[in-house]
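These are the residues of each chain, in order.
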Amino acid sequence: MDSRQLEYIYVIDMKTIRLYPYAPGHASVMSFFQEQAPIQGPDNQPTVPTNLCPSTNLQRIVDDARDRAGVEFLTGLKSEFIRLKSNNTLEAVNTHGYSINHALTSGSIEAQVMEEIAHALKDAGIELQMYHSETASGQYEFVTGPLPPLESADALVHTRETITNIAAKHGLRATLAPRLYMDGPGSSCHTHLSIHPRDPPPSATATAESQSAPAPQESSFLAGLLAHLPAITAFTLPQTSSYGRMVDGVWAGGTYVCWGTENREAPVRLCNAASRSARNFELRFVDGLANPYLALASILGAGTLGVKAQQPLTHADCSTLSAAEMDDAACKAAGITTQMSLNLDESRKALAGDAALQEVLGEELVEKYLSLNKALSEAMDAGTEEEAVARLIESYSATEIDLGGALRNDA
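Residues numbered from 1 in each chain as written. Predicted model: local features only at pLDDT ≥ 70, side-chain atom pairs only at ≥ 80, totals over all residues. Heavy atoms only, no water.

## Regarding a nonpolar patch on the surface
Part 1 of the argument: The grouping of Ile12, Met14 and Ile17 at the surface amounts to a nonpolar patch, some 300 Å² of accessible area in total.
Part 2 of the argument: Its relative accessible area of 43% is what places isoleucine 17 among the partly exposed residues. (Patch = residues over 30% accessible without salt bridge, like charges linked within 9 Å, V, L, I, M, F, W, Y side chains within 5 Å. Areas by Shrake-Rupley, 256 points an atom, 1.4 Å probe, with all protein chains shown as cover. Salt bridge = Lys/Arg side-chain N within 4 Å of Asp/Glu carboxyl O. Buried < 20%, exposed > 50% of the residue type's maximum accessible area, 1.4 Å probe, protein only.)

Here it is in C-alpha coordinates:
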(Lines give C-alpha, C1' and ligand atoms only; values in the text may rest on other atoms or scores of the structure.)
Protein backbone atom coordinates (compact mmCIF):
# COMPACT_ATOMS: atom_id res chain seq x y z
CA MET A 1 0.00 0.00 0.00
CA ASP A 2 1.24 3.49 -0.84
CA SER A 3 1.61 5.20 2.55
CA ARG A 4 1.76 8.58 0.78
CA GLN A 5 -1.99 8.33 0.30
CA LEU A 6 -2.61 7.95 4.01
CA GLU A 7 -0.72 10.81 5.63
CA TYR A 8 0.15 14.40 4.73
CA ILE A 9 2.13 17.17 6.37
CA TYR A 10 0.09 20.03 7.85
CA VAL A 11 1.94 23.19 6.81
CA ILE A 12 1.10 26.40 8.68
CA ASP A 13 0.41 29.52 6.61
CA MET A 14 1.86 32.28 8.78
CA LYS A 15 0.16 35.02 6.74
CA THR A 16 -3.21 33.94 8.14
CA ILE A 17 -2.62 34.44 11.86
CA ARG A 18 -5.53 36.20 13.58
CA LEU A 19 -5.96 36.89 17.27
CA TYR A 20 -8.99 35.62 19.15
CA PRO A 21 -10.06 38.80 20.98
CA TYR A 22 -12.61 36.81 22.99
CA ALA A 23 -9.87 34.41 24.20
CA PRO A 24 -6.82 36.43 25.32
CA GLY A 25 -3.56 34.67 24.59
CA HIS A 26 -5.04 32.57 21.76
CA ALA A 27 -4.90 32.91 17.98
CA SER A 28 -5.89 30.97 14.88
CA VAL A 29 -3.74 30.12 11.88
CA MET A 30 -4.73 28.37 8.67
CA SER A 31 -2.73 25.58 7.06
CA PHE A 32 -2.20 23.54 3.90
CA PHE A 33 -1.88 19.79 3.48
CA GLN A 34 1.27 18.82 1.57
CA GLU A 35 3.06 15.65 0.54
CA GLN A 36 5.63 14.27 2.98
CA ALA A 37 8.17 14.02 0.15
CA PRO A 38 8.20 15.51 -3.36
CA ILE A 39 6.24 13.65 -6.04
CA GLN A 40 6.15 14.12 -9.80
CA GLY A 41 3.71 16.86 -10.76
CA PRO A 42 1.74 17.36 -14.01
CA ASP A 43 4.74 19.21 -15.48
CA ASN A 44 7.01 16.26 -14.58
CA GLN A 45 8.75 18.39 -11.96
CA PRO A 46 8.99 17.46 -8.26
CA THR A 47 6.28 19.05 -6.16
CA VAL A 48 4.84 18.82 -2.63
CA PRO A 49 1.35 20.41 -2.96
CA THR A 50 -1.51 17.89 -3.13
CA ASN A 51 -4.67 18.48 -5.11
CA LEU A 52 -6.61 16.79 -2.30
CA CYS A 53 -6.02 19.87 -0.11
CA PRO A 54 -9.12 22.05 -0.68
CA SER A 55 -7.27 25.33 -0.11
CA THR A 56 -4.47 24.34 -2.51
CA ASN A 57 -7.09 23.33 -5.09
CA LEU A 58 -8.97 26.61 -4.70
CA GLN A 59 -5.84 28.73 -5.12
CA ARG A 60 -4.79 26.67 -8.15
CA ILE A 61 -8.13 27.38 -9.83
CA VAL A 62 -7.92 31.09 -8.97
CA ASP A 63 -4.39 31.29 -10.40
CA ASP A 64 -5.46 29.45 -13.56
CA ALA A 65 -8.38 31.84 -14.06
CA ARG A 66 -6.02 34.79 -13.79
CA ASP A 67 -3.24 33.41 -15.97
CA ARG A 68 -5.20 31.52 -18.65
CA ALA A 69 -8.62 33.17 -18.70
CA GLY A 70 -7.63 36.71 -17.77
CA VAL A 71 -10.12 37.09 -14.90
CA GLU A 72 -9.84 37.70 -11.17
CA PHE A 73 -12.43 37.42 -8.42
CA LEU A 74 -13.58 38.98 -5.20
CA THR A 75 -15.93 37.01 -2.97
CA GLY A 76 -17.92 37.84 0.12
CA LEU A 77 -19.50 35.06 2.20
CA LYS A 78 -22.40 35.84 4.52
CA SER A 79 -22.95 33.98 7.79
CA GLU A 80 -26.57 33.15 8.62
CA PHE A 81 -27.25 31.14 11.76
CA ILE A 82 -29.88 30.45 14.38
CA ARG A 83 -29.12 30.86 18.06
CA LEU A 84 -30.67 28.30 20.37
CA LYS A 85 -31.06 28.64 24.13
CA SER A 86 -28.75 25.68 24.77
CA ASN A 87 -27.04 22.74 23.15
CA ASN A 88 -29.86 20.42 24.19
CA THR A 89 -32.98 22.19 22.94
CA LEU A 90 -34.48 23.35 19.67
CA GLU A 91 -35.89 26.43 21.38
CA ALA A 92 -34.67 29.61 19.70
CA VAL A 93 -33.23 32.38 21.84
CA ASN A 94 -36.20 34.56 20.84
CA THR A 95 -38.95 35.04 18.26
CA HIS A 96 -38.94 38.02 15.96
CA GLY A 97 -39.70 39.23 12.46
CA TYR A 98 -37.24 40.42 9.85
CA SER A 99 -34.88 43.14 11.14
CA ILE A 100 -37.22 44.51 13.81
CA ASN A 101 -36.14 46.21 17.00
CA HIS A 102 -37.02 43.60 19.58
CA ALA A 103 -34.69 41.09 17.89
CA LEU A 104 -31.86 43.13 19.41
CA THR A 105 -33.44 44.80 22.41
CA SER A 106 -30.98 46.96 24.33
CA GLY A 107 -29.50 45.05 27.26
CA SER A 108 -30.74 41.66 26.07
CA ILE A 109 -28.41 38.70 25.83
CA GLU A 110 -29.02 38.65 22.06
CA ALA A 111 -27.79 42.22 21.66
CA GLN A 112 -24.84 41.66 23.97
CA VAL A 113 -23.69 38.57 22.07
CA MET A 114 -24.02 40.27 18.68
CA GLU A 115 -22.06 43.31 19.85
CA GLU A 116 -19.29 41.12 21.28
CA ILE A 117 -19.05 39.20 18.01
CA ALA A 118 -18.93 42.43 16.00
CA HIS A 119 -16.11 43.87 18.13
CA ALA A 120 -14.19 40.58 18.03
CA LEU A 121 -14.35 40.41 14.23
CA LYS A 122 -13.17 43.99 13.91
CA ASP A 123 -10.32 43.43 16.36
CA ALA A 124 -9.29 40.32 14.40
CA GLY A 125 -8.94 42.39 11.23
CA ILE A 126 -12.11 41.22 9.45
CA GLU A 127 -14.16 43.90 7.73
CA LEU A 128 -17.69 43.77 9.14
CA GLN A 129 -20.12 45.61 6.88
CA MET A 130 -23.26 44.97 8.92
CA TYR A 131 -25.14 42.55 11.13
CA HIS A 132 -28.88 42.19 11.54
CA SER A 133 -31.67 39.86 12.52
CA GLU A 134 -33.21 37.61 9.88
CA THR A 135 -36.74 36.27 9.52
CA ALA A 136 -36.72 32.95 11.39
CA SER A 137 -36.89 32.73 15.16
CA GLY A 138 -33.46 33.38 16.67
CA GLN A 139 -31.91 33.92 13.22
CA TYR A 140 -29.17 36.49 12.56
CA GLU A 141 -26.62 37.31 9.88
CA PHE A 142 -23.14 38.80 9.71
CA VAL A 143 -22.00 40.38 6.45
CA THR A 144 -18.24 40.67 5.98
CA GLY A 145 -16.35 42.48 3.23
CA PRO A 146 -15.10 41.16 -0.12
CA LEU A 147 -11.71 39.47 -0.38
CA PRO A 148 -9.84 37.25 -2.84
CA PRO A 149 -11.41 33.77 -2.71
CA LEU A 150 -8.91 31.96 -0.46
CA GLU A 151 -8.77 34.87 2.00
CA SER A 152 -12.56 35.06 1.94
CA ALA A 153 -12.94 31.40 2.85
CA ASP A 154 -10.38 31.81 5.65
CA ALA A 155 -12.27 34.82 7.00
CA LEU A 156 -15.53 32.85 6.93
CA VAL A 157 -14.06 30.06 9.05
CA HIS A 158 -12.73 32.58 11.57
CA THR A 159 -16.09 34.39 11.61
CA ARG A 160 -17.96 31.17 12.31
CA GLU A 161 -15.62 30.26 15.13
CA THR A 162 -16.11 33.69 16.65
CA ILE A 163 -19.90 33.39 16.41
CA THR A 164 -19.90 29.94 18.00
CA ASN A 165 -17.48 30.60 20.82
CA ILE A 166 -18.95 33.90 21.95
CA ALA A 167 -22.45 32.39 21.86
CA ALA A 168 -21.17 29.46 23.95
CA LYS A 169 -19.69 31.85 26.54
CA HIS A 170 -23.26 33.01 27.16
CA GLY A 171 -24.74 29.50 27.29
CA LEU A 172 -26.16 29.64 23.75
CA ARG A 173 -25.74 27.45 20.68
CA ALA A 174 -25.23 28.85 17.17
CA THR A 175 -26.23 26.42 14.42
CA LEU A 176 -25.79 26.53 10.64
CA ALA A 177 -28.60 24.01 10.05
CA PRO A 178 -30.19 24.92 6.69
CA ARG A 179 -33.81 24.80 7.84
CA LEU A 180 -34.83 23.99 11.40
CA TYR A 181 -38.43 25.15 11.05
CA MET A 182 -40.31 24.07 7.94
CA ASP A 183 -42.86 26.86 8.51
CA GLY A 184 -40.11 29.48 8.31
CA PRO A 185 -37.11 30.43 6.16
CA GLY A 186 -33.81 28.62 6.30
CA SER A 187 -30.20 29.65 6.86
CA SER A 188 -27.77 29.95 3.97
CA CYS A 189 -24.27 31.09 3.17
CA HIS A 190 -25.08 33.51 0.36
CA THR A 191 -21.94 34.04 -1.67
CA HIS A 192 -21.34 37.34 -3.45
CA LEU A 193 -18.98 37.13 -6.41
CA SER A 194 -17.57 39.87 -8.63
CA ILE A 195 -15.58 39.13 -11.78
CA HIS A 196 -12.83 41.48 -12.96
CA PRO A 197 -10.57 41.45 -16.01
CA ARG A 198 -6.93 40.93 -15.10
CA ASP A 199 -6.02 43.76 -17.51
CA PRO A 200 -8.92 46.26 -17.42
CA PRO A 201 -9.50 48.11 -20.71
CA PRO A 202 -9.27 51.90 -20.78
CA SER A 203 -12.35 53.64 -19.41
CA ALA A 204 -14.96 54.27 -22.06
CA THR A 205 -18.37 55.92 -22.13
CA ALA A 206 -21.21 53.43 -22.24
CA THR A 207 -24.94 53.68 -22.39
CA ALA A 208 -27.02 52.91 -19.32
CA GLU A 209 -28.31 49.77 -21.04
CA SER A 210 -24.85 48.38 -21.75
CA GLN A 211 -23.68 49.33 -18.26
CA SER A 212 -26.45 47.25 -16.67
CA ALA A 213 -25.96 44.18 -18.87
CA PRO A 214 -23.26 41.66 -17.91
CA ALA A 215 -19.91 42.33 -19.56
CA PRO A 216 -18.60 39.66 -21.99
CA GLN A 217 -16.43 37.91 -19.39
CA GLU A 218 -19.25 38.04 -16.85
CA SER A 219 -21.66 36.55 -19.40
CA SER A 220 -19.30 33.70 -20.30
CA PHE A 221 -18.58 33.03 -16.63
CA LEU A 222 -22.31 32.93 -15.88
CA ALA A 223 -22.91 30.60 -18.82
CA GLY A 224 -20.27 28.19 -17.53
CA LEU A 225 -21.62 28.37 -14.00
CA LEU A 226 -25.21 27.64 -15.05
CA ALA A 227 -24.11 24.77 -17.31
CA HIS A 228 -22.54 22.94 -14.37
CA LEU A 229 -24.89 24.06 -11.60
CA PRO A 230 -26.66 20.70 -11.06
CA ALA A 231 -23.25 19.15 -10.29
CA ILE A 232 -21.89 22.07 -8.25
CA THR A 233 -24.61 21.61 -5.64
CA ALA A 234 -22.93 18.37 -4.55
CA PHE A 235 -20.41 20.72 -2.92
CA THR A 236 -22.58 23.73 -2.05
CA LEU A 237 -25.60 21.79 -0.71
CA PRO A 238 -23.76 18.81 0.76
CA GLN A 239 -26.31 17.20 3.08
CA THR A 240 -29.85 15.83 2.81
CA SER A 241 -31.09 18.65 5.03
CA SER A 242 -29.69 21.22 2.57
CA TYR A 243 -32.53 20.55 0.14
CA GLY A 244 -35.25 21.37 2.65
CA ARG A 245 -34.29 25.03 2.15
CA MET A 246 -34.01 25.03 -1.66
CA VAL A 247 -37.66 25.21 -2.64
CA ASP A 248 -39.70 27.65 -4.70
CA GLY A 249 -41.51 30.63 -3.22
CA VAL A 250 -39.38 31.29 -0.12
CA TRP A 251 -36.61 33.51 -1.55
CA ALA A 252 -34.12 30.65 -1.38
CA GLY A 253 -33.14 30.61 -5.06
CA GLY A 254 -35.81 28.25 -6.34
CA THR A 255 -35.47 24.95 -8.16
CA TYR A 256 -34.62 26.01 -11.74
CA VAL A 257 -31.24 26.74 -13.30
CA CYS A 258 -31.54 30.43 -14.15
CA TRP A 259 -30.39 33.93 -13.21
CA GLY A 260 -32.16 37.22 -12.68
CA THR A 261 -31.48 40.84 -11.84
CA GLU A 262 -32.46 41.38 -8.20
CA ASN A 263 -34.45 38.14 -8.27
CA ARG A 264 -34.22 36.22 -5.00
CA GLU A 265 -36.13 33.33 -6.56
CA ALA A 266 -33.23 32.62 -8.93
CA PRO A 267 -30.18 30.63 -7.78
CA VAL A 268 -27.98 33.37 -9.26
CA ARG A 269 -29.09 36.93 -8.52
CA LEU A 270 -27.42 39.90 -10.23
CA CYS A 271 -27.05 42.75 -7.71
CA ASN A 272 -26.30 46.43 -8.37
CA ALA A 273 -26.54 45.80 -12.10
CA ALA A 274 -26.13 49.43 -13.16
CA SER A 275 -22.82 49.93 -11.34
CA ARG A 276 -19.69 48.48 -12.93
CA SER A 277 -17.80 48.90 -9.65
CA ALA A 278 -20.44 47.48 -7.30
CA ARG A 279 -22.06 44.85 -9.52
CA ASN A 280 -21.85 41.27 -8.28
CA PHE A 281 -23.60 37.94 -8.49
CA GLU A 282 -25.25 36.62 -5.36
CA LEU A 283 -25.12 32.83 -5.37
CA ARG A 284 -28.07 31.61 -3.36
CA PHE A 285 -27.39 27.87 -3.72
CA VAL A 286 -24.76 27.67 -0.96
CA ASP A 287 -25.45 26.83 2.68
CA GLY A 288 -23.46 26.75 5.89
CA LEU A 289 -22.82 23.00 5.74
CA ALA A 290 -20.57 23.40 2.70
CA ASN A 291 -16.79 23.44 2.87
CA PRO A 292 -16.20 26.99 1.54
CA TYR A 293 -12.92 26.03 -0.17
CA LEU A 294 -14.55 23.25 -2.17
CA ALA A 295 -17.68 25.29 -2.84
CA LEU A 296 -15.70 28.23 -4.23
CA ALA A 297 -13.40 25.92 -6.22
CA SER A 298 -16.36 24.29 -7.97
CA ILE A 299 -18.09 27.62 -8.65
CA LEU A 300 -14.99 29.42 -9.92
CA GLY A 301 -13.77 26.38 -11.85
CA ALA A 302 -17.09 26.01 -13.69
CA GLY A 303 -17.31 29.71 -14.48
CA THR A 304 -13.71 29.82 -15.71
CA LEU A 305 -14.51 27.01 -18.14
CA GLY A 306 -17.11 29.32 -19.64
CA VAL A 307 -14.70 32.25 -19.88
CA LYS A 308 -12.00 30.17 -21.57
CA ALA A 309 -14.52 28.87 -24.14
CA GLN A 310 -16.16 32.31 -24.55
CA GLN A 311 -19.35 30.39 -23.90
CA PRO A 312 -22.48 32.29 -24.98
CA LEU A 313 -25.11 33.03 -22.33
CA THR A 314 -28.32 31.40 -23.52
CA HIS A 315 -30.34 32.10 -20.37
CA ALA A 316 -32.30 35.34 -20.47
CA ASP A 317 -32.50 37.68 -17.49
CA CYS A 318 -35.29 36.27 -15.32
CA SER A 319 -35.91 39.52 -13.44
CA THR A 320 -39.68 39.87 -13.12
CA LEU A 321 -41.00 36.37 -12.41
CA SER A 322 -39.62 33.26 -10.80
CA ALA A 323 -39.15 30.33 -13.15
CA ALA A 324 -41.73 28.40 -11.11
CA GLU A 325 -44.33 31.03 -12.03
CA MET A 326 -43.60 30.86 -15.77
CA ASP A 327 -45.32 28.44 -18.13
CA ASP A 328 -43.38 26.00 -20.28
CA ALA A 329 -43.33 28.30 -23.30
CA ALA A 330 -42.00 31.25 -21.30
CA CYS A 331 -39.32 29.10 -19.68
CA LYS A 332 -38.21 27.74 -23.05
CA ALA A 333 -38.08 31.24 -24.53
CA ALA A 334 -35.87 32.35 -21.60
CA GLY A 335 -33.56 29.35 -22.03
CA ILE A 336 -34.71 27.83 -18.73
CA THR A 337 -34.71 24.13 -19.57
CA THR A 338 -33.03 22.47 -16.58
CA GLN A 339 -34.02 22.01 -12.97
CA MET A 340 -31.60 22.20 -10.10
CA SER A 341 -30.68 18.91 -8.46
CA LEU A 342 -33.60 18.43 -6.08
CA ASN A 343 -31.88 16.16 -3.58
CA LEU A 344 -28.39 15.06 -2.58
CA ASP A 345 -28.51 11.87 -4.62
CA GLU A 346 -29.28 13.85 -7.79
CA SER A 347 -26.42 16.25 -7.04
CA ARG A 348 -23.95 13.41 -6.56
CA LYS A 349 -25.08 11.74 -9.79
CA ALA A 350 -24.74 15.03 -11.67
CA LEU A 351 -21.20 15.52 -10.33
CA ALA A 352 -20.24 11.93 -11.16
CA GLY A 353 -21.42 12.54 -14.74
CA ASP A 354 -19.78 15.95 -15.23
CA ALA A 355 -16.42 15.06 -16.78
CA ALA A 356 -15.44 18.68 -17.49
CA LEU A 357 -15.94 19.80 -13.89
CA GLN A 358 -14.15 16.70 -12.61
CA GLU A 359 -11.15 17.55 -14.79
CA VAL A 360 -11.04 21.08 -13.36
CA LEU A 361 -11.25 19.95 -9.73
CA GLY A 362 -9.24 16.76 -10.11
CA GLU A 363 -10.78 13.35 -10.63
CA GLU A 364 -9.18 11.93 -7.48
CA LEU A 365 -10.59 14.72 -5.31
CA VAL A 366 -14.08 14.26 -6.77
CA GLU A 367 -13.94 10.48 -6.35
CA LYS A 368 -12.90 10.73 -2.70
CA TYR A 369 -15.37 13.53 -1.99
CA LEU A 370 -18.30 11.55 -3.41
CA SER A 371 -17.35 8.49 -1.37
CA LEU A 372 -16.94 10.40 1.87
CA ASN A 373 -20.02 12.54 1.29
CA LYS A 374 -22.16 9.42 0.79
CA ALA A 375 -20.87 7.81 3.98
CA LEU A 376 -21.30 11.03 5.94
CA SER A 377 -24.85 11.66 4.76
CA GLU A 378 -25.88 8.11 5.62
CA ALA A 379 -24.53 8.59 9.14
CA MET A 380 -26.18 12.01 9.50
CA ASP A 381 -29.58 10.75 8.30
CA ALA A 382 -29.68 7.60 10.46
CA GLY A 383 -32.46 7.10 13.00
CA THR A 384 -35.61 9.13 13.54
CA GLU A 385 -36.14 12.62 12.18
CA GLU A 386 -35.68 14.05 15.68
CA GLU A 387 -32.38 12.19 16.07
CA ALA A 388 -31.19 13.43 12.67
CA VAL A 389 -32.01 17.04 13.55
CA ALA A 390 -30.23 16.77 16.89
CA ARG A 391 -27.21 15.22 15.16
CA LEU A 392 -27.23 18.01 12.57
CA ILE A 393 -27.17 20.72 15.23
CA GLU A 394 -24.48 18.94 17.20
CA SER A 395 -22.30 18.25 14.16
CA TYR A 396 -22.71 21.55 12.34
CA SER A 397 -22.22 24.36 14.74
CA ALA A 398 -20.65 27.44 13.22
CA THR A 399 -17.20 25.83 13.11
CA GLU A 400 -17.87 22.47 11.49
CA ILE A 401 -17.20 22.02 7.75
CA ASP A 402 -17.89 19.05 5.48
CA LEU A 403 -15.12 16.70 4.22
CA GLY A 404 -13.69 15.62 7.53
CA GLY A 405 -10.01 16.40 7.95
CA ALA A 406 -9.29 17.29 4.32
CA LEU A 407 -9.84 21.00 4.74
CA ARG A 408 -8.03 24.21 5.51
CA ASN A 409 -8.63 24.79 9.21
CA ASP A 410 -7.20 26.57 12.16
CA ALA A 411 -4.40 24.84 14.04
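Continuing now.
## So, the state of the cysteines
Part 1 of the argument: Enumeration according to the criterion identifies 0 disulfides in this entry.
Part 2 of the argument: With no disulfide partner, cysteine 53 has as its closest neighbouring cysteine sulfur the one in cysteine 189, 19 Å distant. (Disulfide = S-S within 2.5 Å.)

## Here we look at the pattern of salt bridges
Part 1 of the argument: Evaluated as defined, the whole model comprises 15 salt bridges.
Part 2 of the argument: Note that arginine 173 and glutamate 394 form a salt bridge whose closest N and O atoms lie 3.8 Å from each other. Taken together, the residues span a long stretch of sequence, with arginine 173 in strand β10 (residues 173-175) and glutamate 394 in helix α12 (residues 385-395) at a distance of 221 residues.
Part 3 of the argument: A single salt-bridge network, built from bridges that share partners, covers Lys78, Glu262, Arg269, Glu282 and Arg284. (Helix = DSSP H or I, 4+ residues; strand = E, 2+ residues; numbered from the N terminus.)

## Section: the sheet that holds strand β8 (residues 128-133)
Part 1 of the argument: Reading across from one edge, β8-β9-β7-β10 is the order of the 4 strands in this open sheet, with antiparallel pairing throughout. Looking at which strands have only one partner, the edges of the open sheet turn out to be β8 and β10. Between one strand axis and the next, the sheet turns through 25 degrees on average, direction left out of account.
Part 2 of the argument: Packed onto the sheet, helix α3 (residues 149-169) meets β7 (79-84), β9 (139-144) and β10 and runs at close to 15 degrees relative to β7. (Pairing = 2+ DSSP bridges. Axes fitted to C-alpha atoms, helices over the stretch in contact; angles between N-to-C directions. Contact = heavy atoms within 4.5 Å.)

## Comments concerning a negative patch on the surface
Part 1 of the argument: On the surface, Glu359, Glu363, Glu364 and Glu367 cluster together into a patch of negative charge.
Part 2 of the argument: It is helix α11 (residues 363-381) that contributes the most residues to the negative patch, 3 residues altogether.
Part 3 of the argument: Take glutamate 364: it is sitting in helix α11. (Lys, Arg positive; Asp, Glu negative; His and termini not counted. Charge placed at Lys NZ, Arg CZ, Asp CG, Glu CD.)

## Regarding the sheet that holds strand β11 (residues 191-197)
Part 1 of the argument: Strand order in the open sheet formed by 5 strands is β6-β11-β14-β13-β12, with mixed pairing between adjacent strands. At either end of the open sheet lies a strand with only one pairing partner, and these are β6 (71-77) and β12 (259-261). Neighbour-to-neighbour, the strand axes of the sheet open up by a mean angle of 25 degrees, direction not taken into account.
Part 2 of the argument: Relative to strand β13 (residues 268-271), β12 runs parallel, the two sharing 3 bridges. Looking across to β13, one finds that threonine 261 is bridged to leucine 270.

## Some words on unusual backbone geometry
Trans peptide bonds make up most of the peptide bonds, and negative phi angles are found at most residues other than glycine.
Part 1 of the argument: A positive phi angle, near 55 degrees, is found at glutamate 262, a position not held by glycine.
Part 2 of the argument: Among the structural elements, glutamate 262 can be located in the loop between β12 and β13.
Part 3 of the argument: Taking relative accessible area as the criterion, glutamate 262 reaches 38% and is therefore assigned partly exposed.
Part 4 of the argument: Backbone geometry at asparagine 272 places phi at a positive 50 degrees, although glycine is not the residue there.
Part 5 of the argument: Following the sequence through the fold, asparagine 272 ends up in the loop between β13 and β14 (280-283).

## Regarding the packing of helix α1 (residues 54-69) against helix α7 (residues 292-308)
Part 1 of the argument: Taken N-terminus to C-terminus, the directions of α1 and α7 make an angle of 20 degrees; their axes are 9 Å apart at the nearest point. As the angle between them shows, α1 and α7 are arranged roughly parallel. Crossing of α1 over α7 shows left-handed handedness. On the side of α1, the interface is formed by Pro54, Ser55, Leu58, Ile61, Val62, Asp64, Ala65, Arg68 and Ala69, while α7 contributes Tyr293, Leu294, Leu296, Ala297, Leu300, Gly301, Thr304, Val307 and Lys308.
Part 2 of the argument: Its residues placed into classes, the contact of α1 with α7 shows 12 nonpolar, 3 polar and 3 charged. (Parallel < 35°, antiparallel > 145°, perpendicular 65-115°, else oblique. Left-handed = near helix turned anticlockwise from the far one by under 90°. Nonpolar A, V, L, I, M, F, W, Y, C, P; charged D, E, K, R; others polar.)

## Thoughts on α7
Part 1 of the argument: Between the first and last C-alpha of α7 there are 24 Å, a value that for 17 residues agrees with the 24 Å anticipated at 1.5 Å per step.
Part 2 of the argument: Where α7 begins, one side-chain oxygen reaches toward the backbone nitrogen of tyrosine 293, 2.9 Å away; that side chain belongs to asparagine 291.
Part 3 of the argument: Looking one or two residues past α7, glutamine 310 carries a phi angle of roughly 50 degrees, positive in sign. (Expected span 1.5 Å × (residues − 1). Polar contact = N/O pair within 3.5 Å; in protein donor to acceptor, adjacent residues only side chain to side chain.)

## Points about the environment of cysteine 331
Part 1 of the argument: Of note, cysteine 331 is situated in helix α8 (residues 328-333).
Part 2 of the argument: Placed 176 residues apart in sequence, cysteine 331 and alanine 155 show a C-alpha to C-alpha distance of 38 Å.
Part 3 of the argument: Residues contacting cysteine 331, with those up to four places away along its chain left out, are Ala323, Met326 and Ile336.

## Digging into the side chain of asparagine 280
Part 1 of the argument: Tracing the sequence through the fold places asparagine 280 in strand β14.
Part 2 of the argument: Exposure remark for asparagine 280: the relative accessible area of 12% places this residue in the buried category.
Part 3 of the argument: Looking at asparagine 280, its side chain comes within polar contact range of the side chain of histidine 192, at 2.7 Å.
Part 4 of the argument: Every residue in contact with asparagine 280, bar those within four places of it in the chain, is listed here: His192, Leu193, Ser194, Arg269, Leu270, Cys271 and Asn272.

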